[in-house]
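Overview (structure and organization)
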Amino acid sequence: MRPSSWQPPIEPSSVEQNIIIRIKRAKLFVFLRHHRHELFDDAFQEELAALYAPSLRGQPPVPPARLALATILQAYTGVSDDEVIEATLMDRRWQLVLDCLDTEQAPFSKGTLVAFRKRLIEAQKDRRLIERTIELASQIQEFGARALRAALDSSPLWGAGRVEDTYNLIGHALKKILGVVAKQQGRELVEIGHEAGADVVCGTSLKATLDRDWDQSRQLEEALNLVLKVLQTVETWVQTLQQDEVELAEPSLEIARQVKEQDVQIDENGKARLIKGVAKDRRISVEDAEMRHGRKSRCVRVDGYKRHVLHDLDTGLIRAVGVTPANVPEASVTEAISTDLARQAICLKELHIDRAYLSSHLVRERSHELEVYCKAWPVRQGKRFSKQAFLLDWDRQIIRCPAEQEMPFVPGGVVHFPKDTCARCPLKTQCTTSAKGRSVSIHPDEALLLELRERQLAPEGRAKLRERVAVEHTLAHVGRWQGRRARYRGLRKNLFDLRRYAVVHNLHVLARSQSLQVDFQEAA
């Protein structure tokens, strides 16, 4: 059955006015009470209603606008699903926004909230929540339509899954296999573990059960070979189970195999050793398959994800967000960012980024109208001529050395000056020590790098670069609400979570705008 439209009162009642007056902090409750009918207008409510299939049976679903408001408030207050239901019964601020003052029964159940969140994610309607805040802002004069000047940056988001070493990853996966089979058969884990020949993984700590001196390489190898032997034993045992039990065990068994393949090498004598270094795209958690080791900088390691925010420099709104595994280059997120901007029908005029995004498609495939502001990669200054001493004629595609010798160049290629010419050059000792002559690498976007270097030499250019600081402040605000650790497991759910924090941020920006201050004054 399709849900009906939610039509709560627009004007606050006298009881609501008293509650509004008493809210000294957490003013977002007040803003949402005054503007919930604008944020969730009839057209948007119809979009949300389309998440539900038509049916003649069952009870009418809870209005999705009310559930969407609860989803936003959950992000704002940082509470769990259970605490959301509790808040609707005990917190008059929640009741003010959700139109359920003094209710004795929660307006919806936890299952309803979880199911609605799943529908939002599957239909990409969490992105529409951001778009609705931007549409609401566009109705206000000071947030009117304009070409977009935006800054893009990222910050670490540690994963919610437990990060484990190779021994514990395999042991954890094997314990999950035994657990699902024990539950299916209605038996104890220890009993199933003994039957499977995997008693070692049934305790509270695998390494405590193994009881090795982990500083001794020989004992490390013995422990690894024992764990792999248990894995082989469990693989054989799983094949003796019923088909439905095999299907339950197979996902966890595949995780154990994946960890073995990525972390273990077998020598010619059949002995197993851990691979030195970190395998590419290495799995680091049993519970979250998409978490990865990565680095935000040389000294900051991340186990999980990176969150990306595109900040509107003129309005302070978040236009789009993205989440990537921690080991993926920052520039990879711009495809998704572009998709979100295309839906908003906005023209990107200025892009302020750090150097991690210089290889992104937004920069490589930019139009002539887009201006990129970024601190250029430094050119090493040594005892001999740097690349900056060579002049590039872009019209003729010619590079000229300090001795006036010219050679053609291609962006992304390497120019090799003739060794005979360099050998006779009077400036050779200042240019190169190579017997093969001087070579110069041309970056695929060398013209942009030259422009960036020239710009940052002037005070005006350096002032323009400092505008990017605004996105760092926005990331700090989002991080204060979301925290440094992800709420959910998996890339898509954490993207949903980041999007609703972007909604919270945008609502705060709107609430602070001068055009809406009148509403707060009148309400007071």
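Calculation rules
- Residues numbered from 1 in each chain as written.
- Predicted model: local features only at pLDDT ≥ 70, side-chain atom pairs only at ≥ 80, totals over all residues.
- Heavy atoms only, no water.
- Helix = DSSP H or I, 4+ residues; strand = E, 2+ residues; numbered from the N terminus.
- Rg over C-alpha atoms; globule rule 2.2 N^0.38 Å.
- Buried < 20%, exposed > 50% of the residue type's maximum accessible area, 1.4 Å probe, protein only.
- Contact = heavy atoms within 4.5 Å.
- Areas by Shrake-Rupley, 256 points an atom, 1.4 Å probe, with all protein chains shown as cover.
- Lys, Arg positive; Asp, Glu negative; His and termini not counted.
- Charge placed at Lys NZ, Arg CZ, Asp CG, Glu CD.
- Salt bridge = Lys/Arg side-chain N within 4 Å of Asp/Glu carboxyl O.

In terms of helices and strands, the protein chain carries 22 helices and 13 strands. Against the globule reference of 24 Å for 524 residues, the protein chain gives a C-alpha radius of gyration of 30 Å, more extended than a compact globule. In terms of principal-axis extent, the alpha carbons of the protein chain reach across some 95 × 75 × 40 Å. Going through the 524 residues of the protein chain one by one, you find that 48% of them count as buried. In the protein chain, the share of contacts with a sequence separation of at least 24, taken over all contacts with a separation of at least 6, comes to 65%. By element, 50% of the accessible surface of the protein chain is carried by carbon and sulfur atoms, the whole surface being about 26900 Å². Distance from the positive charge centre (79 side chains) to the negative charge centre (72 side chains) of the protein chain: 5 Å.

Going through the model one piece at a time under the given rule, you end up with 50 salt bridges. In this structure, Arg 218 engages Glu 222 in a salt bridge whose closest nitrogen and oxygen atoms are separated by 3.8 Å. Taken together, the residues span about one helical turn, with Arg 218 and Glu 222 both in helix α12 (residues 217–238) at a distance of four residues. Judged by relative accessible area, which is 64%, Arg 218 ranks as exposed. A single network of salt bridges, built from pairs that share partners, joins Asp 41, Glu 47, Lys 125, Arg 128, Glu 131, Arg 132, Glu 135 and Arg 343.

Glycine aside, a negative phi is what most residues show, and trans is what most peptide bonds show. Within the chain, Ala 26 stands out as a residue other than glycine whose phi angle is a positive 55°. Turning to its location among the elements, Ala 26 is positioned in the loop between α1 (14–22) and α2 (28–39). Not every positive phi belongs to a glycine, and Gln 124 is a case in point at roughly 60°. Note on placement: Gln 124 falls in the loop between α7 (110–122) and α8 (125–138).

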